[in-house]
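Below, each chain spelled out in residue letters.
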Amino acid sequence: MEVLLAVAAGIMTAAAVYLMLARNVLRFIFGLVLISNAANLVIFTAGRLTAGAPSLIAEGAYAPPEGVANALPQALVLTAIVIGFGLFAFALVLVYRAYTTLGTLYSDEMHAAEPGSPTHTETTAEEAHT
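Residues numbered from 1 in each chain as written. Predicted model: local features only at pLDDT ≥ 70, side-chain atom pairs only at ≥ 80, totals over all residues. Heavy atoms only, no water.

A. How the structure looks around the environment of Ala38. Topologically, Ala38 is positioned in helix α2 (residues 25-46). With a relative accessible area of 1%, Ala38 lands in the buried category. Counting along the chain gives 25 residues from Ala38 to Thr13, while the straight-line C-alpha distance between them is 6.0 Å. Discounting chain neighbours no more than four positions away, the residues touching Ala38 are Ala9, Met12 and Thr13. (Helix = DSSP H or I, 4+ residues; strand = E, 2+ residues; numbered from the N terminus. Buried < 20%, exposed > 50% of the residue type's maximum accessible area, 1.4 Å probe, protein only. Contact = heavy atoms within 4.5 Å.)

This is the structure:
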């Protein structure tokens, strides 16, 4: 089972890198979310997967019994999922704001649309003459 999850994490990472190399900011955001989920899957898999063996400590014992999953990676992944969702929601709002302000989602065109850039001032000067 761990091998299957490792392959899935590798495929997710490859897809995330492909999306993050695009010039579209929205694709970059989806790639960022996908790569964070791949990292969560790797951390979760590193904590061992055991079916039917809860990671509970018996009364009077100092450690869980041998062969159970580690609860710490599970707690870390749960926290990372919540933080990742908050980051994704915030990034979507920023992308929406950038689209409404600049009218594009492509990073090259966003750079050209910034006030004070040579391309932006040339465009506004040409629009003023017409």
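Having put the structure on the table, let's press on.
B. Spatial organisation of the side chain of Thr104. Of note, Thr104 is situated in the loop between α3 (71-102) and α4 (107-112). Assessed through its relative accessible area of 7%, Thr104 is described here as buried. Within the local environment of Thr104, its side chain forms a polar contact with the backbone nitrogen of Tyr106, the two atoms lying 3.2 Å apart. (Polar contact = N/O pair within 3.5 Å; in protein donor to acceptor, adjacent residues only side chain to side chain.)

C. Examining the environment of Ala9 more closely. Topologically, Ala9 is positioned in helix α1 (residues 2-20). In this structure the C-alpha to C-alpha distance between Ala9 and Ile35, which are 26 residues apart in sequence, comes to 8.7 Å. Apart from the residues within four sequence positions on either side, Ala9 is in contact with Ala38, Leu41 and Val42.

D. Local environment of the nonpolar core. The biggest cluster of nonpolar side chains holds 6 residues, and these are Ile29, Phe88, Ala91, Val95, Leu105 and Met110. Ranked by residue count, the leading element in this core is α3, at 3 residues. With sequence-adjacent residues up to four places away left out, Leu105 is seen in contact with Arg23, Asn24, Val25, Leu26, Val95, Tyr99 and Met110. (Core = buried A, V, L, I, M, F, W, Y, C linked by side-chain atoms within 4.5 Å.)

E. Structural context of α3. With 32 residues, α3 extends 46 Å between its outermost C-alpha atoms, agreeing within 8% with the 46 Å of an ideal straight helix rising 1.5 Å per residue. Here α3 has its buried residues at Pro73, Val77, Phe88, Ala91 and Val95. The secondary structure elements touched by the buried residues of α3 are α2. A positive phi of about 80 degrees marks Gly103, the residue just after α3. (Expected span 1.5 Å × (residues − 1).)

F. Highlighting a nonpolar patch on the surface. Residues Val3, Val7 and Ile11 make up a contiguous nonpolar surface patch of roughly 310 Å² in combined accessible area. Within the secondary structure layout, Val3 lies in helix α1. (Patch = residues over 30% accessible without salt bridge, like charges linked within 9 Å, V, L, I, M, F, W, Y side chains within 5 Å. Areas by Shrake-Rupley, 256 points an atom, 1.4 Å probe, with all protein chains shown as cover. Salt bridge = Lys/Arg side-chain N within 4 Å of Asp/Glu carboxyl O.)

G. Molecular detail of α2. Between the first and last C-alpha of α2 there are 32 Å, a value that for 22 residues agrees with the 32 Å anticipated at 1.5 Å per step. Those residues of α2 not exposed but buried are Ile29, Gly31, Ala38, Asn40, Leu41 and Thr45. Taken together, the buried residues of α2 touch α1 and α3. Where α2 begins, one side-chain oxygen reaches toward the backbone nitrogen of Leu26, 3.0 Å away; that side chain belongs to Asn24.

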